[in-house]
Amino acid sequence: MPRRDDINTILIIGSGPIIIGQACEFDYSGTQACRSLKEEGYRVVLINSNPATIMTDPIMADAIYLKPLTVESIKEICEKENIDAVLPTMGGQTGLNLARELFHQGYWERNGIDIIGVDIAAIDITEDRQQFRDLMDEIGIDQCRSRTAKSLLDAKEITEELGGLPVVIRPSFTMGGMGGGIIWNEDEFERKILRGLELSPVHEVLIEESIFGWKEFELELLRDANDTVVIICSIENMDPCGVHTGDSVTVAPTQTLPDEHFQRLRNAAIKMMRSIGTFAGGCNVQFAVEPETFRMVAIEINPRVSRSSALASKATGYPIAKIASKLAVGYRLDELKNQITGTTSACFEPTLDYVVVKVPRFNFDKFPGCDEELSTQMKAVGEVMAIGRTFPEALNKAWQGMETGHSGLGADGFEEFSRKSVRDRLLKPYWDRSLQIRNAFKLGTSVEEIHDITHVDPWFLQQIRYMVSLENRTEGLNLEDLSREAFLELKQAGFSDKQIAWLLSQSGQHIHENDVRARRLSLGLKPVFRVVDTCGGEFAAETPYYYATYEQENESIVSDRPKVLILGSGPNRIGQGIEFDYSCVHAVLAAKELGYETIMINCNPETVSTDFDVADKLYFEPVFWERVLDIWEHEKPEGVILQVGGQTALKLARRFHEGGYRIFGTPFEMMDLAEDRGKFTEVLTKLEIPFPNFGMATNFEEAKIVAKRVGYPVLIRPSYVLGGQGMRIAIKEDELEEYVGAILKTHPENAFLIDHYLEGAIEVDFDSVYDGEQLHEAGIMQHIEPAGVHSGDSTAVLPPYSLSEEVINVMRDYQLRLAKELQVRGFINVQYAIKGNDVFVLESNPRATRTIPFIAKATGRPDAQIGVKVMLGRKLSEFDLSSKLKHYAIKEPVFPFDKFPEVKKELGPEMKSTGETIYFLEDFNDEHFRKPFEFKNLYLSR
């Protein structure tokens, strides 16, 4: 059946600001849907309030509404745009809930608007725990014994019926496991039940028998209008049931399930999808399997593109959201081509001849005192995906991409551990479980003992024990004694040169990773690059999408075109999120326009920069020096763009500079100077630009002297950090001692700055682009909260709402002086504090910042592309720099405090927000301005 021609304009509902549990995986899927439907000639209208994503860029849809995600907004858009159909399955729980609400109001039917990609009945069945249970009983799919409670009294009675504690609670109609969890004892029963009832929009929770310790699996499915169903990807959680799948280390394809039981899972998943409706689109099904008996129970089914769909798309190379969108408008799977091979049908289920490992990224350090134990409520803020030929290779690579200081799964001397600390960390599920399993094997623990404690399947434990056996074999050898075979085995298990150097150094010799690299290359050991092709190498792939491994055949053919390497921003975390991926995508588009072949390196499966058809070549690899250098030496690009990948890319700047590799844009020495707090203040002194009284320190004694001299309260700032990591305000000496101790733990190599904190000052973000002659003022954003609240956590207004023209002109003067002195080519952001009429510079960032996408959306001007083109040699005079902003745009941050109810709601110099929305103001009577203005000082803390 060909595409539907009875509809013309399709509304896509986005997922709104990034929150834990609903992050940029949905922006990735929504972006794919926009592109896919536009390809088919439909007019695409999008509503999404998130300015940080490429999804809300003008290039993605025919009309974009940056409006609050409310029923009222959707009605207004439908009437204005003459909408024929709505696709709500790309916007996570937000999109589904809005579509469902309008359906039950009768709005879609009254206005003749078709819902495509899902049946609302399917949403109702799958979201209402009792309806879902009844349907599964009807079709003969086993589940956990459970019942729905609408009150605390109900909950107590049901728990008794199920045989007492522990029980699992799941509030209806929530996402990311919000409010859910395991209740272990009577002390927490009442608190957790009441919280679940409050958080559920229909005030009910499902109470079910605990399957803690069972194996957990996910399947990603697609179905067309002909009822053809394909399984795109199978995913196994390394962590057993009890840990939210978004917080678990996951592996694709499944590794420990015998084929007959996998077929049972497949058949059950297809049966479940067919039972909930007749819609054409995507679906995600989760199962638990009891390890001893292989009893299988269905956990849930999501009739939409899920969080795992992005991971499954990147793991297989099969663009789930893109195909799901085409199925929603009438195509059948056998009518669509596989976009990776260009020859096979979309009916072909992907075959993987490699292993994919996803490791989640957490930010518990931002919330001191939070409960770090993982459970059924998601807490991760991002994730890393790695591809290898074996599980050990992929696991080591994933840890290299995590950016937590590790060079792989341990074996790097990064942190000390003891028998007691390892045992304590393994007794409950924590974020570093795979690392602690490795540490336990280093201490001589058996597979059986670790399995008894963690319930992790013995197969995974044996794989990690094998990795430790390689470590033990290598420790203390001389570099020359490491045979080619032993070296190759280490590399095939994913060990980095840095890990190998550390292992060899255990005998007392000092060996650097450069020595290991030189020896490796002398033995002819170089990685090859294999293509991700969806078909296990049976058909040629048209898309250049690669991973590195140590084998014979190299599939990445180097062209003779001029190339530019673009480093991505790695896993999302607080302080470095989707905003940087937005700039990475624009860097690709800008470099392509200027005739370069674009090469992207990134390891984040949630983002658009790692889509197979964005850059000319994608290397799905950790943004880790050894991996980047291997790709550089293979491709031999003309230079690298570091200014768009946040701190991830900038941290490698010194290595590029020392190796003599070309960095496009601002010179390394100047980027380094701006990052080094001490050197930067020398520049300000030279330029006669005021800054708060300061001093540098490397330990507490020095810090005490500086603080006394500059005067309390003081702001402590480490160098080379993003998102205000480690920054604190101290008002007395014992606080200073505590914060300095914390900095020396996390950044022992960095001198830190202590400056006088300007109480009650107004903070301003000034973003600009400089081409060596002209300064383009991208945007000046005035924070509503006082200086001391991190700029990422501040409600900010563009343009300024209360600053005098005199103060703004002083900032313009300082901005130009700094851009010239730092020899900027491309982006420069400066943060100012204004006290009375005095303007002080707080810091300068010669790179793309978190605020660039917001300014671009507010002004309608592609500032990210302009900045990158200037880095590559273009002049500002070649661009239209005019703004379309009529009144004011306000940036409103979104916080994850509801995930950490035990943490105080306080704001300070370290960033805590996960996302943001944009709202357009006409005047300052608007509640979006008045409310934050009233509360502006309320949450300011340390």
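Use the structure listed above.
Scoring rules and cut-offs
Residues numbered from 1 in each chain as written. Predicted model: local features only at pLDDT ≥ 70, side-chain atom pairs only at ≥ 80, totals over all residues. Heavy atoms only, no water. Salt bridge = Lys/Arg side-chain N within 4 Å of Asp/Glu carboxyl O. Helix = DSSP H or I, 4+ residues; strand = E, 2+ residues; numbered from the N terminus. Buried < 20%, exposed > 50% of the residue type's maximum accessible area, 1.4 Å probe, protein only. Arc of directions from axis to C-beta. Polar contact = N/O pair within 3.5 Å; in protein donor to acceptor, adjacent residues only side chain to side chain. Contact = heavy atoms within 4.5 Å. Axes fitted to C-alpha atoms, helices over the stretch in contact; angles between N-to-C directions. Left-handed = near helix turned anticlockwise from the far one by under 90°. Nonpolar A, V, L, I, M, F, W, Y, C, P; charged D, E, K, R; others polar. 1 Å grid on protein atoms, 1.4 Å probe; cavity = no way out; pocket = protein on both sides within 12 Å on 5 of 7 lines; lining within 4 Å. Points joined across faces, edges and corners; volume = space filled by probe spheres on them. Pairing = 2+ DSSP bridges. Parallel < 35°, antiparallel > 145°, perpendicular 65-115°, else oblique.

1. Quick notes on the pattern of salt bridges
Charged atoms that come close allow side chains of opposite charge to pair. All told, the structure shown has 60 salt bridges when counted by the stated rule. Of the charged contacts in the structure, one is a salt bridge between D613 and R35, with a shortest N-O distance of 3.3 Å. Of the two residues, D613 is situated in the loop between β20 (597–602) and β21 (617–620) and R35 in helix α1 (residues 25–39); the sequence distance between them amounts to 578 residues. Of the residues examined, R35 reaches a relative accessible area of 23% and is grouped as partly exposed. Among the ionic pairs, E373 bridges to K428, the shortest N-O distance being 3.5 Å. Of the two residues, E373 is situated in the loop between β15 (355–361) and β16 (382–388) and K428 in the loop between α13 (419–427) and α14 (433–442); the sequence distance between them amounts to 55 residues. One salt-bridge network, in which partners are shared between bridges, spans K491, D497, R517, R520, E626, D630 and E633.

2. Regarding helix α26 (residues 700–710)
Of the residues making up α26, those classed as buried are F700, A703, V706, A707 and V710. Across the axial projection of α26, the buried residues extend over an arc of 120 degrees, all falling on one side. What points out from α26, more than 90 degrees from its buried face, is the exposed set I705, K708 and R709. The backbone nitrogen of E701 has a side-chain oxygen 3.2 Å away, supplied by the residue at the start of α26, namely N699. A positive phi of about 95 degrees marks G711, the residue just after α26.

3. Examining the side chain of R170
Tracing the backbone shows R170 in strand β7 (residues 167–171). Of note is the side chain of R170, whose polar atom sits 2.9 Å from the side chain of E208. When near neighbours in sequence (up to four residues on either side) are disregarded, R170 contacts R129, V205, L206, E208 and I299.

4. Description of the packing of α14 against helix α15 (residues 447–454)
The N-to-C vectors of α14 and α15 enclose an angle of 150 degrees; their axes lie 10 Å apart at closest approach. Note that α14 runs across α15; the crossing there is right-handed. Facing R433, I437, A440 and F441 of α14, the residues of α15 in contact are V447, I450 and T454. Looking at the contact of α14 with α15, its residues break down into five nonpolar, one polar and one charged.

5. A look at the layout of surface pockets
Once rolled over the atoms, a probe with the size of a water molecule shows which space is left empty. As a volume, the second largest pocket reaches approximately 750 Å³. Lining the second largest pocket are 27 residues; nearest its centre among them are T795, E892, P893, K931 and P932. At the level of secondary structure, the elements contributing two or more residues to the lining of the second largest pocket comprise β32 (888–894), β33 (915–921) and α31 (927–934). The residue makeup of the lining of the second largest pocket, split by class, is 16 nonpolar, four polar and seven charged.

6. Description of the sheet that holds strand β3 (residues 63–65)
The sheet built from five strands is open, its strands ordered β3-β2-β1-β4-β5 with parallel pairing. Each edge of the open sheet is held by one strand with a lone partner, namely β3 and β5 (114–115). Against the sheet, helix α2 (residues 71–81) makes contact with β1 (9–13), β2 (43–47) and β3, and its axis sits at roughly 155 degrees relative to β2, the strand it touches most.

7. Some remarks on the packing of helix α5 (residues 120–127) against helix α6 (residues 129–139)
Axis separation between α5 and α6 bottoms out at 5 Å; the angle between their running directions is 95 degrees. One way to sum up the angle between α5 and α6 is to call them roughly perpendicular. Touching D124, I125, T126 and E127 of α5 are R129, Q131, F132 and L135, all from α6. In terms of residue class, the contact of α5 with α6 is built from three nonpolar, two polar and three charged.

8. Some points on the sheet that holds β21
On the basis of which strands lie adjacent, the open sheet formed by six strands has the order β17-β18-β21-β20-β19-β22 and mixed pairing. Sheet topology places β17 (528–531) and β22 (639–641) at the edges, where each strand pairs with a single neighbour. Between one strand and the next, the sheet's axes are offset by a mean angle of 30 degrees, whatever the strand orientation. Here four bridges tie β17 to strand β18 (residues 545–549), and the two strands are oriented antiparallel to one another.

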